[in-house]
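So the chains spell out like this:
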Protein chains: 2
Amino acid sequence: MEISVSQENYLKAIYKLASREGVASNQAIASVLESTPASVTNMLRKLTEMGWIDYEAYRGATLTAAGNKRALELVRKHRLWEVFLVEKLQYDWDAVHPLAEELEHIGGEELVNRLDAFLGHPQYDPHGDPIPDSEGNIRKRQHVMAASELNVGQDFAVCGVRDSSSLFLQHLDRLGIELGKRYALTERLEFDRSMVWQAESGQTTTVSQEVASNVLIQRVK
Amino acid sequence: MEISVSQENYLKAIYKLASREGVASNQAIASVLESTPASVTNMLRKLTEMGWIDYEAYRGATLTAAGNKRALELVRKHRLWEVFLVEKLQYDWDAVHPLAEELEHIGGEELVNRLDAFLGHPQYDPHGDPIPDSEGNIRKRQHVMAASELNVGQDFAVCGVRDSSSLFLQHLDRLGIELGKRYALTERLEFDRSMVWQAESGQTTTVSQEVASNVLIQRVK
DNA sequence: GTCTGTTTTTAGTCGAGACTAAATATTTAG
DNA sequence: CTAAATATTTAGTCTCGACTAAAAACAGAC
Ligand SMILES: [Mn+2]
Ligand SMILES: [Mn+2]
Ligand SMILES: [Mn+2]
Ligand SMILES: [Mn+2]
């Protein structure tokens, strides 16, 4: 039984929710897919029937082994296409998500593996998210934390974002914050919990608590 | 009113049929789209309503100016993706059509123009078909004919195919026939109208009438 | 344990895009 | 010019994936 684009989007949503919460609730899925709980109930039954998920009424959904494999393949495709769009077509990192959301449904393993090879087997997508390999293994990075958890005096490098919305990414552009860039946390303002980051160039940037909690970093040295 | 994937496929089918026959009949569209005449009638009414085509009951369909522009954009996207798949992802020329058939529906002018630039503004797709530019202008090649129309003694270069089916393209692979390759027609066998082509290497290939009439060539020297 | 608010499911609809069978229009042949 | 053959449209259904409103189940507070 062939899976539809809509069904693939459900699998990806369930993958993301279940890996954070253990189980994907009806309401959470509806919210991610901008749909309604009633529509979700309907689709969950089909996906169960097809063997992609485990689901019991009122209990929420989790992926089966097959569903997990498929979801990881979709994540892989999505992130590889994002790399392609940014690296090869020079798109801005805030513009690629909607296109990748469509491209991820095209072709099968052959296409994604060729794309992967063409791109040189990248490890991370333009937002710092890890790209699963062709076996579905996803490198989990150690010691990644939100910038808001840092202490004054620490050195760190930006390695990802929690919020990939265009609005947030453009805000980071304006602040000059980008993946791989290194800073030292020189000050923390008690009044509003904002932080002062000093780049290697010496330039400083004031970063709000709201922003810092959505920027992922790794400590360095 | 947003156009659907299905509707875009109709526009492309009408474009191809109308440019060959002047008008696209109901039955011909159904045959191209592997659908039924009843379904076509239904869709033609919608496309008329939306301003993409001109259509009167029993009379067949033609594209409006808007429809023509849209169809050419689709052809452009289709062929550019084919170039990408062959040049960058090393697909065989007989494998790319189904993927391009899906990719052509993704994104808008921005994506296709970036892809075009990335590929270096190619003029022809892997099957020798011309790629419309961003204005929708399509370079019509002069002096292109079927190989079957050649006379003995003439030199020529292969520049396209009439049949893009995987079966035919693989057959050409087996015969060693590829785009750009030059031959001289050394002999024509009256019995079954087959031809003997001599490559620049000196190697000869016997080509049936059926094959020759589906290979497009240009005379050289 | 019952009450109450939240979550999920049920029931009934809808639009898009397909289909088949039957009716009608058009074209071709005699 | 009419009759047969062919093409197109009409009428009635179907599946998919969504929706709303109402009913039912569940979970937390007392
Ligand atoms: Mn998607
Ligand atoms: Mn991403
Ligand atoms: Mn298509
Ligand atoms: Mn082609």
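Note that the coordinates shown come from a computational prediction; the quantities given were computed from them, not determined experimentally.

## What to know about the protein's contact with DNA strand D
Thinking step 1. In the vicinity of DNA strand D lie 22 residues, with Ser4(A), Ser39(A), Asn26(B), Thr41(B) and Tyr55(B) positioned nearest.
Thinking step 2. Here, DNA strand D places atoms within 4 Å of the protein, and 88% of those atoms are sugar or phosphate.
Thinking step 3. At 2.4 Å, a side-chain N or O of Asn26(B) approaches a phosphate oxygen of DNA strand D.

## Overview of the side chain of Ser213(A)
Thinking step 1. Here Ser213(A) lies in the loop between helix H8 (209-212) and strand S8 (215-219).
Thinking step 2. At 3.1 Å, the side chain of Ser213(A) forms a polar contact with the backbone oxygen of Glu210(A).

## A closer look at the protein's contact with DNA strand C
Thinking step 1. Around DNA strand C, 22 residues are found, and the nearest of them are Asn26(A), Thr41(A), Tyr55(A), Ser4(B) and Ser39(B).
Thinking step 2. For DNA strand C, the backbone portion of the atoms within 4 Å of the protein, that is sugar and phosphate, comes to 86%.
Thinking step 3. In the model, a phosphate oxygen of DNA strand C is placed 2.9 Å from a nitrogen or oxygen of the Gln27(A) main chain.
Thinking step 4. Residue Tyr58(B) places a side-chain N or O atom 3.2 Å away from a sugar or linking oxygen belonging to DNA strand C.

## A look at the relation of the copies chain A and chain B
Thinking step 1. With an RMSD of 0.1 Å, the fit of chain A onto chain B corresponds to turning through 180° and sliding 0.0 Å along the axis. The superposition operator between the copies reduces to a two-fold rotation axis. In terms of proximity to the rotation axis, the leading residue of chain A is Leu103(A), whose C-alpha is 3.7 Å off the axis.

## Overview of the sheet that holds strand S3 (residues 145-146) of chain B
Residues and elements named next belong to chain B.
Thinking step 1. Strand order in this open sheet of six strands is S3-S8-S4-S5-S6-S7, and the pairing throughout is antiparallel. What marks the edges here is a single partner per strand, and that holds for S3 and strand S7 (204-207).
Thinking step 2. Bridge analysis of strand S4 (residues 155-161) against strand S5 (residues 182-189) gives three bridges, and the strand direction is antiparallel. Along S5, the bridge assignment pairs Phe-156 with Tyr-183.
Thinking step 3. Where helix H7 (residues 166-175) meets the sheet, it contacts S4, S7 and strand S8 (215-219), and its direction lies at approximately 150° from that of S4.

## Some points on the domain arrangement of chain A
All names here are of chain A.
Thinking step 1. Domain parsing of chain A yields domain 1 (5-63), domain 2 (74-140) and domain 3 (144-219).
Thinking step 2. The distance between the C-alpha centroids of domain 2 and domain 3 comes to 25 Å.
Thinking step 3. Counting residues at the interface gives six residues for domain 2, matched by 11 residues for domain 3.
Thinking step 4. Both sides together, the interface formed by domain 2 and domain 3 hides about 710 Å², and carbon and sulfur atoms give 58% of it.
Thinking step 5. The largest per-residue losses of area from domain 2 upon contact with domain 3 belong to Trp-93, Asp-94 and His-127, which jointly make up 79% of the total buried on that side.
Thinking step 6. If you look at where domain 2 meets domain 3, you find zero salt bridges.

## Details of the sheet that holds S8(A)
For sheets, the rule is that strands pair by backbone hydrogen bonds, running either parallel or antiparallel.
Residue and element names in this part refer to chain A.
Thinking step 1. Pairing is antiparallel across the open sheet formed by six strands, whose spatial order is S3-S8-S4-S5-S6-S7. Strand pairing shows two members of the sheet lacking a second neighbour, strand S3 (144-146) and strand S7 (204-207), which therefore form its edges. Across the sheet, the axes of successive neighbouring strands diverge by a mean angle of 45°, strand direction being ignored.
Thinking step 2. Sheet topology note: the strand S6 (residues 194-199)/S7 ladder contains four bridges and is antiparallel. Counterpart to Met-195 in the pairing with S7 is Val-207.
Thinking step 3. Set on the sheet, helix H7 (residues 166-175) makes contact with strand S4 (155-161), S7 and S8; between it and S4 the angle comes to about 150°.

## Some words on the interface of chain A and chain B
Thinking step 1. Listed per partner, the contact involves 18 residues of chain A and 18 residues of chain B.
Thinking step 2. Across the chain A/chain B interface, buried area totals approximately 1,600 Å², and carbon plus sulfur atoms make up 76% of it.
Thinking step 3. By the criterion of area lost to chain B, the three top residues of chain A are Leu89(A), Ile106(A) and Arg114(A), representing 33% of everything that side buries.
Thinking step 4. Taken together, the connections running from chain A to chain B amount to zero salt bridges.
Thinking step 5. Our count for the chain A to chain B interface comes out at six residue pairs in polar contact (both at pLDDT 80 or more).
Thinking step 6. Listed by contribution, the elements that provide at least two residues to the side of chain A that touches chain B are helix H4 (65-88), helix H5 (97-103) and helix H6 (109-118) of chain A.
Thinking step 7. Per-element tally for the side of chain A that touches chain B: the top contributor is H6(A), with five residues.
Thinking step 8. Looking at the side of chain A that touches chain B, its residues break down into 11 nonpolar, three polar and four charged.

## Some words on the packing of helix H4 (residues 65-88) of chain B against helix H6 (residues 109-118) of chain B
Residues and elements named next belong to chain B.
Thinking step 1. Across the interface, H4 lies against H6 with an axial gap of 10 Å and an inter-helix angle of 40°. As summarised for this structure, H4 and H6 are arranged oblique, according to the angle between their axes. The two elements H4 and H6 meet at a crossing, and its hand is left-handed. Of the residues in H6, those in contact with Lys-69, Glu-73, Arg-76, Lys-77, Leu-80, Trp-81, Phe-84 and Lys-88 of H4 are Glu-109, Leu-111, Val-112, Asn-113, Leu-115, Asp-116 and Phe-118.
Thinking step 2. In the contact of H4 with H6, the residues fall into seven nonpolar, one polar and seven charged.

## Description of unusual backbone geometry
Residue and element names in this part refer to chain A.
Thinking step 1. A positive phi angle, close to 70°, is found at Tyr-58, a residue other than glycine.
Thinking step 2. Considering the arrangement of structural elements, one finds Tyr-58 in the loop between strand S1 (53-56) and strand S2 (60-63).
Thinking step 3. You will see that Lys-221, though not glycine, has its phi angle at about 55°, which is positive.
Thinking step 4. With respect to the helices and strands, the residue Lys-221 is situated in the segment after S8.
Thinking step 5. The class of Lys-221 is exposed, set by a relative accessible area of 97%.

## With respect to helix H1 (residues 5-21) of chain B
Residues that lie three or four places apart on an α-helix share one face, since the helix turns once every 3.6 residues.
Residues and elements named next belong to chain B.
Thinking step 1. The terminal C-alpha atoms of H1 lie 24 Å apart, and with 17 residues this matches the ideal 24 Å at 1.5 Å per residue to within 8%.
Thinking step 2. Among the residues of H1, Gln-7, Glu-8, Tyr-10, Leu-11, Lys-12, Ala-13, Ile-14, Tyr-15, Leu-17 and Ala-18 are the ones counted as buried.
Thinking step 3. Of the surrounding secondary structure, the elements contacted by the buried residues of H1 are helix H2 (26-32), helix H3 (37-49), strand S1 (53-56), strand S2 (60-63), H4 and helix H5 (97-103).
Thinking step 4. In the stretch just after H1, Gly-22 is the one whose phi turns positive, near 90°.

Scoring rules and cut-offs
- Along each chain, residue indices are assigned from 1 in the same order as the chain's sequence is written.
- To label them, take the chains in the order written and letter them from A, then take the ligands in the order written and number them from 1.
- pLDDT decides what is reported in this predicted model: residues at 70 or higher carry local features, side-chain atom pairs at 80 or more are listed and counted, and totals for whole chains, interfaces and linings draw on all residues regardless.
- Hydrogens are left out, water is left out, and the side-chain values use all remaining heavy atoms of the structure.
- When at least one non-hydrogen atom of a residue lies within 4 Å of a molecule or strand, that residue is treated as near it.
- Throughout this description, a polar contact denotes any pair of N or O atoms lying within 3.5 Å of each other; where both atoms belong to protein, one of them has to be capable of donating a hydrogen while the other can accept it, and for residues adjacent in sequence the pair is counted only when both atoms sit in side chains.
- Secondary structure elements are taken from DSSP: a helix is a run of H or I of four residues or more, a strand is a run of E of two residues or more, and numbering for both begins at the N terminus.
- A least-squares superposition brings the copies together, and it is based on the C-alpha atoms of residues with pLDDT no lower than 70 in both.
- Pairing between two strands is assigned when DSSP locates at least 2 bridges connecting them.
- In what follows, a contact means two residues having at least one pair of non-hydrogen atoms within 4.5 Å.
- Angles run from 0 to 180 degrees between N-to-C directions of axes, and those axes are lines fitted to C-alpha atoms, restricted for helices to the stretch in contact.
- A domain assignment, automatic or from a database, supplies the domain bounds used here.
- Accessible-area loss on putting two parts together, using a 1.4 Å probe and summing over both, is the definition of buried area adopted here.
- What makes a salt bridge here is a side-chain nitrogen of Lys or Arg within 4 Å of a carboxyl oxygen of Asp or Glu, nothing more.
- Put simply, Ala, Val, Leu, Ile, Met, Phe, Trp, Tyr, Cys and Pro go in the nonpolar bin, Asp, Glu, Lys and Arg in the charged bin, and everything else, Gly too, in the polar bin.
- Here roughly perpendicular refers to angles of 65 to 115 degrees, roughly parallel to angles under 35, roughly antiparallel to angles over 145, and oblique to all remaining angles.
- Each crossing gets its handedness from the near helix: less than a right angle anticlockwise from the far helix is left-handed, clockwise is right-handed.
- Here's how the labels work: a residue is buried when its accessible area is under 20% of the maximum for its type, exposed when over 50%, partly exposed in between, all with a 1.4 Å probe on protein chains only.
- In a helix, the anticipated span is given by 1.5 Å times the number of residues less one.

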